[in-house]
Amino acid sequence: MFLSAGLSAQITFPQNGPYDHRPELHAFTNATLWVRFDQKIENATLLIREGRVEKVGTDVEIPAGAVVHDLSGKWVYPAFVEMYANYGLPEPKAVGGSPSDRPQMLNNQKGAYSWNEALKNDYRAHTQFAVDPKAAQSLRAAGFGAVLAHRFDGIARGSGALVLLGDEKEHLLVLRDQASRHFSFRKGTSTQDYPSSLMGAIALLRQAFYDAKWYAAGGKDEEYNISLDTWNQLDGLPAVFDVRDRLEALRAAKIGEEFDLKFILKGAGDEYQRLEDIKRTGCPLIVPVNFPKAYDLEDPYEAELVTLGDMLHWEMAPANAARIAQSEIPFVFTSAGLEKKETFLAQIRKAVRFGLSKEAALKALTETPARLLRAEDDLGSLEKGRLANFLVVSGDLFDDKTVVHEVWVRGHGHDVKPDDRRDPRGEFQLSFGARTVGLSVKGTPEKPAATVQIDSAKADVALSVTGNSVSFSFAPDPNAPKKIFRFTGVMDEENWSGIGMDSLNGRLVWSARRTAAFAPPAPETPKTGPMPTLGQVLFPFMGYGMPEIPTKAERVLFRNATVWTNEAEGILANTDVLIEDGRIAAIGKNLAAGRARVIDATGKHLTAGIIDEHSHIAISRGVNEGTQASSAEVRIGDVVNSDDINIYRNLSGGVTACQLLHGSANPIGGQSALIKLRWGYAPEDMKIRGAKGYIKFALGENVKQSNWGDNNRTRFPQTRMGVEQVYEDHFTRAREYAGQKGRNKRRDLELDALVEILERERFITCHSYVQSEIAMLMKVATRFGFVVNTFTHVLEGYKVADKMAAHGVGGSSFADWWAYKFEVKDAIPYNPAILMRMGVVTAVNSDDAEMSRRLNQEAAKAVKYGGLTEEEAWKLVTLNPAKLLRLDHRMGSVKIEKDADLVLWSDNPLSMYARAEHTFVDGIEFFSREKDLAKRAWIAAERARLIQKMIAEKNGGGDTQRPVKKEQHLWDCEDVFDDLLYD
């Protein structure tokens, strides 16, 4: 049947022996054939010649010499296209061996390549592609006929090759040599330090895109760069971006938007958790089906290790594809991530049971990947002229009992589970000895059921069929049922014959002639079970998330509160505050409620929301890019983690806004993000629109690496003098860069940020401790014509408070931290009060996810240490940080027309007994004590439901996994790692 598969030879290769090229002409008849995902033909004939479809339909004339394949009862589908695999490619190896303990600043690769080892865009998959028969067979068994193969290595991964899953030489299987380009946020085998964070990976990609533009526009006349040259060679190809979760999908799409690219996003199967945001990107998706296993939760202690979000994801992940389809987002399926490729079809069928239509599933397996790869003229359907890539299966592809028998690739057949049974069913005339009786065979080919008609009586026949061998037995005399005749023989398409034994063990010769074909009954409509019961999608997707994102500001009247205005009016007793349309609308006594919701605030205190000027919550995969002296190009805004539970915890502590800062690993850190704690919103929607730009600088032990260990003696600077030189050097370069003119100026993201400082469009928040260094940076700023905005920590600020006031710089201090390292040995808890008394705008910050939700108590310490009034102390965490962030026109006090960022406290907000009962951001209640208690009860009930469901899954024979405790790392200034950057 598959003789022609071994006869194809490459035209350019010599033949050892006689040529024997036969026409590759096959006709597949009597099939139920899916020409496309939306076009099915019953009793169809598929004619293929030389590996391509010549004709398809019900009236196809079969040419002489064609090999005819009767597919009666079989279904034919276009073969699937896999868009995410490393099939046929060698495992990548590090250029310089394994990572060493010492910093690696530059690429180890010899030659005119990019400075960064993670940019591997010169790689071409087709140059290393080699047929892997075992892997090909595994993929074919899953239904695939073609694969987009690329190497899983690096941030820019080069090009992928579209190849066929045949067994011939590679020359006949490469369909598109450079079919795609590939990206990720992972370094792969790179042993280079940079990037060490997700924000660094994003900055590296952005800079590479700009460098490629510069190179194409004339930069190649200034230097030859293999990496940039090959980058531009791939311009215009379909671009696939591998992401780890739904938030990374949004980050990748944002890069694409900057450079007018629509990436094809290879997701993680959790897209349903941010579906509307992903839909707005316009990016197609590659969707895995490695659905999580149920957790084994019979042990109640181990059950506590599993979060509600993980439980819900187990329940809802199989519905991911259905929700994507309903949102009309183009998507394809991938087998990536499956432990065994042979489970792929079972997972697709599970997705169908969870609401995905069969047509949408087939489209995602065939037409959509072919179209995304611009290969629809070859793949994805069985229309005329397409490659003869198709499956022969036993029935409806999405039926659990359906078996894949064969996969044809470019007209060559490959067995998967061969159907070598003869269909024994039909009506026969059975002759043995001198007798002739009627034999009727019904049932199914797998389990035939037979009877014989002897005169007017019927007798059951015990029938067994293996391949073309047949054996059966029955009692020919109804009056002697124990006298059994036994028969064995062979069968062809129409007739059976062989030998047998009568009841006395006498030899018989027998034959059976088919007199009528089997007429199958009309197929039953498959019974579809009820849709599985699923929980709610929450925003964010965790226990304290919400089923709907609150977007509409309320009209609320706080009645009879003690209002801490932070304005000239001071603290107002028994006062009403009305908020409407996200702003403070009125302040006074006995205000009319109208349509407003009234909150009785009698005996309670209403304040502006707390603003944390120095926070590291809500940051994904790394708070430092400390691998270089300056990382001004990185942006915390690129890695805002809207799913951090610490956002909710901060709201419960009355915090409504934060500055998310880069760490203190280098003199010039990264750009900060200013956010409001809009719980449930997507990362971009948390950012404060119109806010000024800020950047983190740092001084002291961290940046000169005195506390990094002996192996870290490579990166400049190593002394406090060197730190000053970093600033002198970089601002001098930035000034020169700003003055550059010319048609093809190379855009430098690092220098762009520094120029913004010189032009007073971006402002410095500087990690600081020692007075001499504080004075040093002010002098540098004066020399370059700008003002330092804030010294944060500033624990020796009290020593130079007069100089700080003269310079115009603010201070953001700890309340009473001291003695945790040498350079804070002179810290005193009187520092914030002294700074304020000297005219320095002063705030108290957290730098800690735990402290940030009790900043009201941190502010209260300034009353004891320094004798500040309660109003002055409260401004340390409200109005003063708003001033430092240049947001005091909108935030920080209770004033008409300011943003309705308000907190209602149960007691004096400086009291250790005070609790935030209601927290509003932009007039939307994101936290209330009452709703929190109700949420806790719901979480307990939902956990109980899911635990019982998982126990039932285990008891029903389902696969399970052991619970593993997952601990969230809480970033601080000095963290310099991100394990997820490596594959």
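Above this text you will find the structure in question.
Residues numbered from 1 in each chain as written. Predicted model: local features only at pLDDT ≥ 70, side-chain atom pairs only at ≥ 80, totals over all residues. Heavy atoms only, no water.

Once that is clear, we can look at the sheet that holds strand 34 (residues 673-676). With mixed pairing, 3 strands are arranged side by side in an open sheet as 31-32-34. The sheet terminates laterally at strand 31 (610-615) and strand 34, the two strands that pair on one side only. If you compare each strand with its neighbour and ignore which way they point, the axes differ by 15° on average. Strand direction decides the pairing type here: strand 31 and strand 32 (residues 655-660), joined by 4 bridges, are parallel. Along strand 32, the bridge assignment pairs Asp-612 with Cys-658. (Pairing = 2+ DSSP bridges. Helix = DSSP H or I, 4+ residues; strand = E, 2+ residues; numbered from the N terminus. Axes fitted to C-alpha atoms, helices over the stretch in contact; angles between N-to-C directions.)

Moving on, we come to helix 16 (residues 771-784). Over its 14 residues, helix 16 runs 20 Å from end to end, which matches the ideal 20 Å to within 8%, given 1.5 Å per residue. Of the residues making up helix 16, those classed as buried are Glu-773, Ile-774, Ala-775, Met-776, Leu-777, Met-778, Val-780, Ala-781 and Phe-784. Along its buried surface, helix 16 packs onto helix 14 (720-739), helix 15 (749-758), strand 36 (762-768), strand 37 (790-793) and helix 17 (801-807). Count one or two residues on from helix 16 and you reach Gly-785, which has phi positive near 80°. (Expected span 1.5 Å × (residues − 1). Buried < 20%, exposed > 50% of the residue type's maximum accessible area, 1.4 Å probe, protein only. Contact = heavy atoms within 4.5 Å.)

Let us now look at the sheet that holds strand 33 (residues 668-671). Ordered by their spatial adjacency, 6 strands build an open sheet running 33-35-36-37-38-39, and the pairing between neighbours is mixed. Bordering the open sheet on either side are strand 33 and strand 39 (842-844), each of which pairs with just one other strand. Here the strands of the sheet are splayed against their neighbours by 25° on average, with no regard to which way each runs. Sheet topology places strand 38 (residues 810-813) next to strand 39; 3 bridges connect them, and they run parallel.

Below, the discussion takes up the pattern of salt bridges. Side chains bearing opposite charge may pair, as long as their charged atoms lie close to each other. If you walk through the whole model with that rule in mind, you get 71 salt bridges. For Arg-186, the salt bridge is made with Asp-242, and the minimal N-O distance between the two is 1.8 Å. Placement of the pair is Arg-186 in the loop between strand 9 (174-184) and helix 2 (198-216) and Asp-242 in strand 10 (residues 239-242), with a sequence separation of 56 residues. Where Glu-383 meets Arg-386, a salt bridge forms, and the shortest distance between an N and an O atom there is 3.2 Å. It is possible to trace a salt-bridge network through shared partners that takes in Arg-583, Lys-676, Arg-678, Arg-890, Asp-899, Asp-901 and Asp-922. (Salt bridge = Lys/Arg side-chain N within 4 Å of Asp/Glu carboxyl O.)

Bringing the side chain of Ser-440 into the picture now. Its location among the elements puts Ser-440 in strand 19 (residues 435-443). Of the residues examined, Ser-440 reaches a relative accessible area of 14% and is grouped as buried. Within polar-contact distance, the side chain of Ser-440 engages the side chain of Glu-427 at 2.9 Å. Non-local contacts of Ser-440, meaning those with residues more than four positions away in its chain, are made with Gly-426, Glu-427, Ala-449, Ala-450 and Thr-451. (Polar contact = N/O pair within 3.5 Å; in protein donor to acceptor, adjacent residues only side chain to side chain.)

We now examine the pairing of strand 32. With 6 of 6 residues buried, strand 32 lies mostly within the body of the structure. Assessed by its sense of winding, the connection that carries the chain from strand 31 through helix 12 (residues 645-652) to strand 32 is right-handed. Note that strand 32 and strand 34 share 4 bridges and pair antiparallel. When the sheet's bridge partners are listed, Gln-659 is paired in strand 34 with Leu-674. (Right-handed = clockwise from strand over helix to strand, strands pointing away.)

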